[in-house]
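Listed below are the residues making up each chain.
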Amino acid sequence: MRPLHGLTMRTATYLAFAPQNGLRHQVKMLFTDPFSMVHHYWNWFDAVVLLPYFAVMIILALYGVHRYTMCYLYFKHRKNYRPDPPMHFADLPQVTVQLPIFNEQFVIDRLIEAVCAMEYPREKLEIQVLDDSTDETQAVASGIVDRYAALGHPIVYIHRANRHGYKAGALDAGLKVAKGEFVAIFDADFVPPTDWLMKVIHHFAEPEIGMVQTRWTHLNRNYSMLTQIEAILLDGHFVMEHGARVRSGDFFNFNGTAGMWRIQAISDGGGWQHDTLTEDTDLSYRSQLAGWRFKYLPNVECPSELPIEMTAFKTQQARWAKGLIQTSIKVLPLMFKSNVPRRIKIEAVYHLTANLSYPLMVVMSAALLPAMICRFYQGWFQMLLIDFPLFAASTFSIAVFYLASQRELFPKTWWKTFLYLPFLMALGIGLTVTNSKAVVEALLGMKSPFVRTPKYRVAKKGEKSQAAKYRKRLVLAPWIELFLGFYFLGAIVYTFSNHNYFTAPFLILFVIGYWYTGLMSLLQGRFERWRGGTANTDDESSPKPFPVGV
């Protein structure tokens, strides 16, 4: 006991004579008298800064608690999942496969080849290539369709010149001439396996099933740090969110591709509508409100291509963010008027409004440094007492959510996800500029065209993109992101000058996130041009970035 007693005495002496303005003094005050530094009284400036700050933090914490709830429901209802269909069709039904494309000349051959190789009786299969392209894709796609049709495949080419309704309009136009009772949909960047149709179709032998969604996997998951993070983000959605909602009996959504519909369920839900940018989620809720039941098959995989460039990723995320808010404005009033259980309504609110967190993050970011200045005199204990629970709910829940999904998918290597978590959180922070603009546009009722995500047909490290012509750049957003990175760098300097060391790691995520998204948006693609002389093009066949001018 003597060595321990000596150590205790030396520690007490060290703390007693610690400098009064350093880290040692802060530690001493925290553990000896945590209330000793409370001598600051609120004024009007504190209230103006701190009340909105804490209001936003509490709302973000509520969405964080919802992530914990998703994990809880997923594991609680684990036994509710049945991978095999309870019955089979005695006679296979007629199936239509729709392939909606727009300026996809570099991936259309891969898609058509995969679909034509799928196992299903040809006399009961119809493949529609729904092409709204305005560039060379028209000639490429029609030529490939002619070649496979000559080989006996039941494939047709349907081209629209007006692109009315965008993807939703193309799908609706195809349905008007479809021969099938069921319709499977694949975007251009997907490569369905040969047994996909046979694994899915028998689940519709249950007459109440209106849609079956399968899980996305990724052809180029290991291409870069960005694609690794994108894959983890999508895994969280497809494993934890879909899994929890389906197993607990809540509504969930078709993801726009790699799924199959009963055409009657589309009709009963009101058909494809193009007044939102997420026509898939919109129809999903309307169809389930009409009484149809959806199934999710995580064991049935469909490989896809992830965006390899930051601007393409932002384009995709901003479209989803704006579309879900548009869908919430449209669908939630229908949900509230319906007779579905209250818990399903509450879950729908969380699901469809989750992207409100992006503008809330902007508010929190703007108020963070003033809030730190206001709270400087409160002391460590008071700051931790308030901040730690909010941080655990809003931020730590992200780590739990994505770690749980990776552990389900990769039980032997899931621990590697810890290496990506800081960058995953930083990337989420970096998206706040473009996604906030998209959300605000949706709230204000501002319409914008459906802008598809460019497909580059790149799967392995070192491969060069064939689709440089489809690359476009955001104008203002990267510079705003770089400025915000410097703003939070200044906040870090302030925290160190006032010995508020516990806040610095959190602020570093903001710096990394904004600088990463900003620099990658500005620099990606330029290296290829400098090395190979490939100039960026202003060809009008290339899609404009979304949001334009951000």
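Residues numbered from 1 in each chain as written. Predicted model: local features only at pLDDT ≥ 70, side-chain atom pairs only at ≥ 80, totals over all residues. Heavy atoms only, no water.

**Q** Now, about the overall build of the chain: what can you tell me, with residues and values included?
**A** What the chain contains, in helices and strands, is 19 helices and seven strands. By the burial criterion, 56% of the 550 residues in the chain qualify as buried. Of the roughly 24,400 Å² that the chain leaves accessible, carbon and sulfur atoms contribute 65%. (Helix = DSSP H or I, 4+ residues; strand = E, 2+ residues; numbered from the N terminus. Buried < 20%, exposed > 50% of the residue type's maximum accessible area, 1.4 Å probe, protein only. Areas by Shrake-Rupley, 256 points an atom, 1.4 Å probe, with all protein chains shown as cover.)

**Q** How would you summarise the side chain of D250 if you had to cite specific residues and measurements?
**A** Checked against the element boundaries, D250 lands in the loop between α8 (225–248) and β6 (259–262). At 3.2 Å, the side chain of D250 forms a polar contact with the side chain of S248. Among the polar contacts made by the side chain of D250, one reaches the side chain of R343 at a distance of 2.7 Å. Residues within four places of D250 in sequence aside, it is in contact with R245, R343, I344 and E347. (Polar contact = N/O pair within 3.5 Å; in protein donor to acceptor, adjacent residues only side chain to side chain. Contact = heavy atoms within 4.5 Å.)

**Q** Can you break down empty space enclosed by the protein residue by residue, with the values?
**A** Per the stated rule, a full pass over the model turns up six cavities of 30 Å³ or more. Quantified by volume, the second largest cavity comes out at close to 50 Å³. Surrounding the second largest cavity, D189, E305, L306, P307, I308, Q316, T453, P454, K455 and Y456 form its lining. Of the residues belonging to the lining of the second largest cavity, the class tally is five nonpolar, two polar and three charged. (1 Å grid on protein atoms, 1.4 Å probe; cavity = no way out; pocket = protein on both sides within 12 Å on 5 of 7 lines; lining within 4 Å. Points joined across faces, edges and corners; volume = space filled by probe spheres on them. Nonpolar A, V, L, I, M, F, W, Y, C, P; charged D, E, K, R; others polar.)

**Q** Give a description of the sheet that holds strand β2 (residues 125–131) that names residues and reports values.
**A** Spatially, the seven strands line up as an open sheet ordered β3-β2-β1-β4-β6-β5-β7, and their pairing is mixed. On the outer flanks of this sheet lie β3 (155–159) and β7 (293–304), each paired with one strand and no other. Neighbouring strand axes in the sheet, compared pairwise and without regard to direction, differ in orientation by 20° on average. Looking at chain direction, strand β5 (residues 209–218) and β6 are connected through three bridges and run antiparallel. (Pairing = 2+ DSSP bridges. Axes fitted to C-alpha atoms, helices over the stretch in contact; angles between N-to-C directions.)

**Q** Tell me about the pairing of strand β4 (residues 182–185), residues and numbers included.
**A** It is a general feature of regular strands that their side chains alternate between the two faces of the sheet. Taking every second residue as pointing to the same face, both faces of β4 are buried, with F182 and A184 on one and V183 and I185 on the other. Relative to β4, strand β1 (residues 95–101) is paired through four bridges, and the arrangement is parallel. Counterpart to Q98 in the pairing with β4 is I185. The pairing of β4 with β6 spans four bridges and is classified as antiparallel. Residue pairing across strands places I185 opposite G259, the latter belonging to β6.

**Q** Tell me about the packing of aromatic side chains, and please be specific about residues and values.
**A** Each aromatic ring pair is summarised here by two numbers: the centre-to-centre distance and the angle between the ring planes. Applying the stated criterion to the full structure yields 24 aromatic pairs. Ring geometry for F186 against W196: centres 4.9 Å apart, planes inclined by 75°, an arrangement best described as edge-to-face. With a gap of 10 residues between them, F186 in the loop between β4 and α7 (196–201) and W196 in helix α7 connect regions that are remote in the sequence. Each member of the pair, F186 as well as W196, carries the same accessibility label: buried. Through a chain of ring-to-ring contacts, three or more aromatic side chains come together here, namely F190, W216, F238, F252, F254, W261, W272, F294 and Y296. (Phe/Tyr/Trp six-rings, centres within 6.5 Å; stacked < 30°, edge-to-face > 60°.)

**Q** I'd like a description of helix α13 (residues 357–374), backed by residues and values.
**A** Compared with the 26 Å implied by 1.5 Å per residue over 18 residues, the 24 Å span of α13 between its first and last C-alpha is a close match. If you look at α13, its biggest bend is around 40°, right at L368, and the proline P370 turns up within four residues after that. For α13, the tally of buried residues reaches 13 of 18 residues, placing the bulk of the element in the interior. (Expected span 1.5 Å × (residues − 1). Bend = angle between axes of the 7 residues up to and from the residue.)

**Q** Give a description of the packing of α8 against helix α15 (residues 417–430) that names residues and reports values.
**A** Where α8 contacts α15, the axes come no closer than 10 Å and their chain directions differ by 90°. The angle between α8 and α15 places the two elements in the roughly perpendicular class. Contacts between α8 and α15 involve M225, L226, Q228, I229, I232 and L233 on the former and, on the latter, T417, Y420, F423, L424 and L427. Within the contact of α8 with α15, the residues separate by chemical class into nine nonpolar, two polar and no charged. (Parallel < 35°, antiparallel > 145°, perpendicular 65-115°, else oblique.)

**Q** How would you summarise helix α5 (residues 137–150) if you had to cite specific residues and measurements?
**A** For α5, with 14 residues, the first-to-last C-alpha span of 20 Å sits near the 20 Å given by 1.5 Å per residue. For α5, the secondary structure elements touched by its buried residues are β1, α4 (108–116), β2 and β3. With its phi angle positive at about 100°, G152 sits one or two positions after the end of α5.

**Q** Before we move on, can you summarise the confidence of the model for the chain with the specific residues and values?
**A** Taken over all residues, the pLDDT of the chain has a mean of 85, while the share at 70 or more is 82%. The low-confidence segment residues 11–23 (pLDDT under 50) makes 12 contacts with residues lying over four places distant or belonging to another chain. Note that residues 530–550 has pLDDT below 50 and, in this model, 59 contacts with residues that lie over four places away or in other chains. (pLDDT = per-residue confidence, 0-100.)

**Q** Summarise the environment of Q288; cite the residues concerned and give the values.
**A** Tracing the backbone through its elements, the reader meets Q288 in helix α10 (residues 279–289). Residue class for Q288 comes out buried when judged on its relative accessible area of 7%. Taking the C-alpha atoms as reference points, Q288 and D268, separated by 20 residues in sequence, lie 9.4 Å from one another. With residues near it in sequence (within four places) discarded, Q288 still touches F251, F252 and F294. One polar contact links the side chain of Q288 to the main-chain carbonyl oxygen of F252, over a distance of 2.7 Å.

**Q** Can you lay out the pattern of salt bridges for me, pointing to particular residues and giving the numbers?
**A** Following the criterion strictly, the structure yields 22 salt bridges and no others. Across the salt bridge formed by D250 and R343, the nearest N and O atoms sit 2.7 Å from each other. Here R343 lies in helix α12 (residues 342–353) and D250 lies in the loop between α8 and β6, a separation of 93 residues in the sequence. On the basis of relative accessibility, which here comes to 44%, the residue R343 falls in the partly exposed class. (Salt bridge = Lys/Arg side-chain N within 4 Å of Asp/Glu carboxyl O.)

**Q** Quick one: what's the story with the side chain of S287, residue by residue and with numbers?
**A** Position of S287 relative to the elements: it lies in helix α10. In this structure the side chain of S287 is engaged in a polar contact, spanning 3.2 Å, whose partner is the backbone oxygen of A265. Aside from chain neighbours lying at most four places away, what touches S287 is W261, A265, G269, W292 and F294.

**Q** How would you summarise the environment of A371 if you had to cite specific residues and measurements?
**A** Counting through the fold element by element, A371 comes out in helix α13. Relative accessible area serves as the criterion here: at 2%, A371 is assigned to the buried category. Sequence separation between A371 and A47 is 324 residues; the distance between their C-alpha atoms is 9.8 Å. Among residues more than four places away in sequence, those in contact with A371 are V49, L50 and Y53.

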